[in-house]
Amino acid sequence: MGRPLVLIVDDEVSNIEIMNAALEDDYEICFATSGEEAITVAQTSLPDLILLDVLMPGTDGYEVCRRCKADPLIADVPIIFTTGLGDEESEANGLLLGAIDYIVKPIHPAIVRARVHNHIELKRMRDQLAQLAVTDALTGLSNRRRLEQTLDVETARLSRTDDWLSVIMLDIDFFKQFNDAYGHPEGDNCIVMIAAALQRAVRRASDLTARYGGEEFACVLPATDHEAAMIVANSIMEQVRSLGIPHRNSGVSPYVTVSVGIASARCRPGLTRDLWVKVADNQLYLAKVAGRNKVTGTVFGIEDSKQLEYTTKATPSTSFLPRLT
């Protein structure tokens, strides 16, 4: 694990140099000299903590804090205000906006180091607890809550550049019959093995694999168009087939198989996570209707701003039969 990243924001370069000298032995440092630059740097570098000057020309520290806390991508990044304003009203204003601490200038390096260390450690513990809350206990994959959080973040982030997002939903074929034939403990083992196969097929650090519920799984593929998502989906099919898990009650194969649905679209402001999940789940349904053990996918869009949440305009679905072994 790399060193924590601290973003220092101050319009006075000398103040940045002082804080950098105090922290550079223990942390990676990035900096910004204006409020607008600070927001851009925070969104692209995702720091572990922000040291934020209050009084800056143009966009001041209070506005930067307000906008950071309103952005799902960086809302959880702790902010410490650094300022020459020492009155209680200014401090209360900063804390009410979501800052976690207040350091009054002139800067004392030992105080900066101590406060940054304490808040970085608190963030690390919060992150660990948060990770447990969004992890599926059986498989170690992300759970549905984490999937929804990630979709919120990625749809917001990718909409800034009109980039692609693909979501994959998959389901173990005839899983009830598997449990009936082999018992629930073997059913759990089957789910764990499918989860491991999923992780082998979905390998980018930016991608997310999740257990959506029961025998259903989901993947979030940022910056991935439909063609690339189809490649990933077929890799998932290959990985599952390679497991060779016997399934004597399957209606399509003597071994465990999965059905896969894919939804791909360019992210645009206003498109919510529910749209990708709805379309991918519909494609999964079509794969099952078509006989299971298949990948079915679509590229979708929106007709107008009034139909963003629930209406999709899907291109004709394309189904791909898995290569038989």
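Above this text is the structure in question.
Being a predicted model, the structure only gives us computed values, none of them experimental.

Description of a nonpolar patch on the surface
Here is step 1: On the surface, a cluster of nonpolar side chains totalling about 300 Å² of accessible area is made up of Tyr285, Leu286 and Val289.
Here is step 2: Inspection of the secondary structure assignment puts Val289 in helix H10 (residues 273–289).

Here we look at the pattern of salt bridges
Here is step 1: Scanning all chains against the criterion turns up 20 salt bridges.
Here is step 2: With a shortest N-O distance of 2.8 Å, Lys105 and Asp10 are connected by a salt bridge. With Lys105 in the loop between strand E5 (101–104) and helix H5 (109–133) and Asp10 in the loop between strand E1 (5–9) and helix H1 (13–23), this pair connects stretches of sequence that are 95 residues apart. Asp10 matches Lys105 in its accessibility class, with the two residues each being buried.
Here is step 3: Between Asp152 and Arg273 there is a salt bridge, and its shortest N-O distance comes to 2.8 Å. With a gap of 121 residues between them, Asp152 in helix H6 (residues 144–158) and Arg273 in helix H10 connect regions that are remote in the sequence.
Here is step 4: Its relative accessible area of 33% is what places Asp152 among the partly exposed residues.
Here is step 5: Residues participating in the shared-partner salt-bridge network are Asp10, Asp53 and Lys105.

Things to note about H10
Here is step 1: For H10, built from 17 residues, the straight-helix expectation of 24 Å at 1.5 Å per residue is met to within 8% by its first-to-last C-alpha distance of 25 Å.
Here is step 2: Listed as buried for H10 are Leu275, Trp276, Val277, Val279, Ala280, Gln283, Leu284 and Ala287.
Here is step 3: Elements in contact with the buried residues of H10: H6, strand E6 (164–172), strand E7 (208–213), strand E8 (216–222), strand E9 (258–266) and strand E10 (295–301).
Here is step 4: In the stretch just after H10, Gly291 is the one whose phi turns positive, near 125°.

Thoughts on helix H3 (residues 61–69)
Here is step 1: Of all the positions in H3, only Gly61, Tyr62, Val64, Cys65 and Cys68 are classed as buried. Considered in projection along H3, the buried side chains sweep an arc of 160° and stay on one side of the axis.
Here is step 2: Of the surrounding secondary structure, the elements contacted by the buried residues of H3 are helix H2 (35–45), strand E3 (49–53), strand E4 (79–83), helix H4 (88–96) and E5.
Here is step 3: For H3, the side-chain oxygen to backbone nitrogen distance between the N-cap and Tyr62 is 3.2 Å, and the N-cap itself is Asp60.

With respect to the pairing of E7
Here is step 1: Taking burial as the measure, the six residues of E7 include five buried ones, the bulk of the element.
Here is step 2: Bridge analysis of E7 against E8 gives five bridges, and the strand direction is antiparallel. Looking at the pairing, Arg211 lines up with Phe217 of E8.
Here is step 3: Between the antiparallel neighbours E7 and E8 lie two residues, among them Gly214 with a positive phi of about 60°.

Topic: the packing of aromatic side chains
Here is step 1: Within the structure shown, the criterion is met by five aromatic pairs.
Here is step 2: Taking the centre distance of 4.7 Å and the plane angle of 40° together, the rings of Phe178 and Tyr182 count as tilted. Here Tyr182 and Phe178 lie together in helix H7 (residues 175–182), a separation of four residues that amounts to about one turn.
Here is step 3: Through a chain of ring-to-ring contacts, three or more aromatic side chains come together here, namely Tyr62, Phe81 and Tyr102.
Here is step 4: Lying across the ring of Tyr182, Arg248 places its NZ or CZ 4.7 Å from the centre.
Here is step 5: Just above the ring of Phe174 sits the side chain of Arg292; from NZ or CZ to the centre is 4.4 Å.

Cut-off values and rules
- Residues numbered from 1 in each chain as written.
- Predicted model: local features only at pLDDT ≥ 70, side-chain atom pairs only at ≥ 80, totals over all residues.
- Heavy atoms only, no water.
- Patch = residues over 30% accessible without salt bridge, like charges linked within 9 Å, V, L, I, M, F, W, Y side chains within 5 Å.
- Areas by Shrake-Rupley, 256 points an atom, 1.4 Å probe, with all protein chains shown as cover.
- Salt bridge = Lys/Arg side-chain N within 4 Å of Asp/Glu carboxyl O.
- Helix = DSSP H or I, 4+ residues; strand = E, 2+ residues; numbered from the N terminus.
- Buried < 20%, exposed > 50% of the residue type's maximum accessible area, 1.4 Å probe, protein only.
- Expected span 1.5 Å × (residues − 1).
- Contact = heavy atoms within 4.5 Å.
- Arc of directions from axis to C-beta.
- Polar contact = N/O pair within 3.5 Å; in protein donor to acceptor, adjacent residues only side chain to side chain.
- Pairing = 2+ DSSP bridges.
- Phe/Tyr/Trp six-rings, centres within 6.5 Å; stacked < 30°, edge-to-face > 60°.
- Lys NZ or Arg CZ within 6 Å of the ring centre and 35° of its normal.

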